Amino acid sequence: MSKVFPFTAIVHPHAITAPRLVVKMSAIATKNAVESLVVKPPAHPTYDLKGVIQLALSEDAGDLGDVTCKATIPIDMESEAHFLAKEDGIVAGIALAEMIFAEVDPSLKMEWSINDGDKVHKGLKFGKVQGKAHSIVIAERVVLNFMQRMSGIATLTKAMADAAHPSTILETRKTAPGLRLVDKWAVLIGGGKNHRMGLFDMVMIKDNHISAAGGVSKALNSVDQYLEQNKLHMGVEVETRTIAEVREVLDYASQTKTSLTRIMLDNMVVPLSKGDIDVSMLKEAVDLINGRFETEASGNVTLETVHKIGQTGVTYISSGALTHSVKALDISLKIDTELALEVGRRTKRA
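As the structure is a prediction and not an experimental result, all values here were calculated from the model.

Student: Explain the overall build of the protein chain to me, using residue names and the numbers behind them.
Tutor: Of regular secondary structure, the protein chain possesses 12 helices and 16 strands. Long-range pairs, those at least 24 residues apart, make up 75% of the contacts in the protein chain between residues at least 6 apart in sequence.

As structure tokens, then:
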């Protein structure tokens, strides 16, 4: 029989062994819930996660609230609804769902048979929420919008992270506006690592900076002077597009004290026919750098190509597709789960 643990007993998904842990808590406890998470959201100096939740609920409620709920569901009616996976994947957003339910109605209670980062299969009931039916239905779509998107990101991240090994998979800043922290949190849950959060936490010298500065060396020199003058300490990455630019960066670093930490090797993966790729240029660049700096491959990164890229010895592989082309994982929240399963089987979605 599964045991019931308080929310603070969440453990890393890969550490779970039978019998399964059931994570149970009241939404009242979510005020400090983030502190107890194993996979915490990434840090951001200005991002207001509670504000994002409130905005999502507000845009749904408008000025009149849920008129259908008001018309059909008695305000004091109690019920329970179950989360149902309608396809295989990695679940992410359980902790965020707790926060949303708490915002709608702190008296709601949730129970989960899995944790963020766990695998689900089609037809699995993996959690339930109990309390006022009115509150459950009001929160339903907002909870699912976040959870489906986050789970889609986590599912693809897990697949790409496994295939990229021993390289580490990263996302980029190509996230949905206003949802950057949520998208990047999903990447962490899926087993990836975060690239820079924004424009403020890492210097990243890209092609337009290089063109405006008059070349790679001049751009690097300007960054080094700026950081020293402003007494700033942070990672510095420079984009290179050719072997000649890689050599120029290495030549600059050999003659100058620099803050450079990582070299991006952009579009050095060349697509071939039938989905194959040529990584010889990337491999040459990685060998040339020879561990003096971290390396990052970017461009032509897909689930089909990432394994071959990862075998070149590159430190990181970044993929914008993790967040900008996400396919949501199909999850539902149903009061009548038996009927939902019957319909799902008919439509091959359960």
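Now, onward.
Student: I'd love a proper account of the confidence of the model for the protein chain, names of residues and values included.
Tutor: Mean pLDDT over the protein chain works out to 89, with 87% of the residues at or above the 70 mark. Segment residues 1-32: pLDDT under 50, and 68 contacts once partners within four positions in sequence are set aside and those in other chains are kept.

Student: How would you sum up the pattern of salt bridges? Please name residues and give values.
Tutor: For side chains of opposite charge, pairing can occur when their charged atoms come near one another. All told, the structure shown has 12 salt bridges when counted by the stated rule. Across the pair Lys 128 and Glu 80 runs a salt bridge, and its minimum N-O distance is 3.8 Å. Here Glu 80 lies in strand β3 (residues 78-85) and Lys 128 lies in strand β7 (residues 125-132), a separation of 48 residues in the sequence. The class of Glu 80 is partly exposed, set by a relative accessible area of 29%. A salt bridge links Arg 149 to Asp 183; the shortest N-O distance between them is 2.8 Å. Within this pair, whereas Arg 149 is found in helix α4 (residues 133-164), its partner Asp 183 is found in helix α5 (residues 180-189), the two being separated by 34 residues in sequence. As far as the burial class goes, Arg 149 and Asp 183 line up, both buried. Counted as one network, the salt bridges with shared partners bring together Glu 237, Arg 262, Glu 294 and Glu 296.

Student: Run through the packing of aromatic side chains, naming residues and quoting values.
Tutor: For the structure shown, the criterion picks out 4 aromatic pairs. Judged by centre distance (6.4 Å) and plane angle (75°), the ring pair of Phe 83 and Phe 101 falls under edge-to-face. You can see Phe 83 sitting in strand β3 and its partner Phe 101 sitting in helix α3 (residues 94-104), a full 18 residues away along the chain. Since its relative accessible area comes to 0%, Phe 83 is described here as buried. Following the ring pairs from residue to residue traces out a cluster consisting of Phe 83, Phe 101, Trp 112 and Phe 126.

Student: Account for the packing of helix α1 (residues 49-61) against α3, naming residues and giving values.
Tutor: Each pair of packed helices can be described by the angle between their axes along with the distance between the axes. Running from N to C, α1 and α3 cross one another at 60°; their axes reach a closest spacing of 10 Å. The hand of the α1/α3 crossing is right-handed. Between α1 and α3, the residues in contact are Leu 49, Lys 50, Ile 53, Gln 54 and Leu 57 and Leu 96, Met 99, Ile 100, Glu 103 and Val 104, respectively. Here the residues of the contact of α1 with α3 are counted per class, giving 7 nonpolar, 1 polar and 2 charged.

Student: Please set out the side chain of His 195 residue by residue, giving values where relevant.
Tutor: Secondary-structure assignment places His 195 in the loop between α5 and β9 (203-205). Only 3.4 Å separates the side chain of His 195 from the side chain of Glu 237, close enough to count as a polar contact. Leave out the neighbours within four places in its chain, and His 195 touches Leu 170, Glu 171, Lys 184, Met 202, Met 204, Glu 237, Arg 262, Glu 296 and Ser 318.

Student: Lay out the nonpolar core with the relevant residues and their values.
Tutor: Side chains of a nonpolar character, in soluble globular proteins, are inclined to be buried together. Membership of the largest hydrophobic core comes to 48 residues, with the highest contact counts inside it found for Phe 83, Leu 96, Phe 101, Phe 126, Phe 146 and Trp 185. Every element with two or more residues in this core is listed here: α1, β3, α3, β5 (109-112), β7, α4, α5 and β16 (331-334). A total of 10 residues in this core trace back to one element, the largest contributor, which is α4. When residues of this core are sorted by domain, at least three fall in each of domain 1 (43-154 + 328-347) and domain 2 (160-325). Val 216, Val 223, Ile 243 and Leu 265 belong to the second largest nonpolar core, which has 40 residues in total.

Student: Before we move on, could you go through unusual backbone geometry and cite the residues and values that matter?
Tutor: Cis rather than trans, the peptide bond between His 165 and Pro 166 has omega equal to 10°. Its place among the elements puts Pro 166 in the loop between α4 and β8 (168-170). A positive phi angle is found at Asn 267, which is not glycine, with a value near 55°. Following the sequence through the fold, Asn 267 ends up in the loop between β11 (262-266) and β12 (270-271). Taking the relative accessible area as the measure of exposure, Asn 267 reaches 46% and is therefore partly exposed.

Conventions adopted
Residues numbered from 1 in each chain as written. Predicted model: local features only at pLDDT ≥ 70, side-chain atom pairs only at ≥ 80, totals over all residues. Heavy atoms only, no water. Helix = DSSP H or I, 4+ residues; strand = E, 2+ residues; numbered from the N terminus. Contact = heavy atoms within 4.5 Å. pLDDT = per-residue confidence, 0-100. Salt bridge = Lys/Arg side-chain N within 4 Å of Asp/Glu carboxyl O. Buried < 20%, exposed > 50% of the residue type's maximum accessible area, 1.4 Å probe, protein only. Phe/Tyr/Trp six-rings, centres within 6.5 Å; stacked < 30°, edge-to-face > 60°. Axes fitted to C-alpha atoms, helices over the stretch in contact; angles between N-to-C directions. Left-handed = near helix turned anticlockwise from the far one by under 90°. Nonpolar A, V, L, I, M, F, W, Y, C, P; charged D, E, K, R; others polar. Polar contact = N/O pair within 3.5 Å; in protein donor to acceptor, adjacent residues only side chain to side chain. Core = buried A, V, L, I, M, F, W, Y, C linked by side-chain atoms within 4.5 Å. Domains from an automatic or database assignment.

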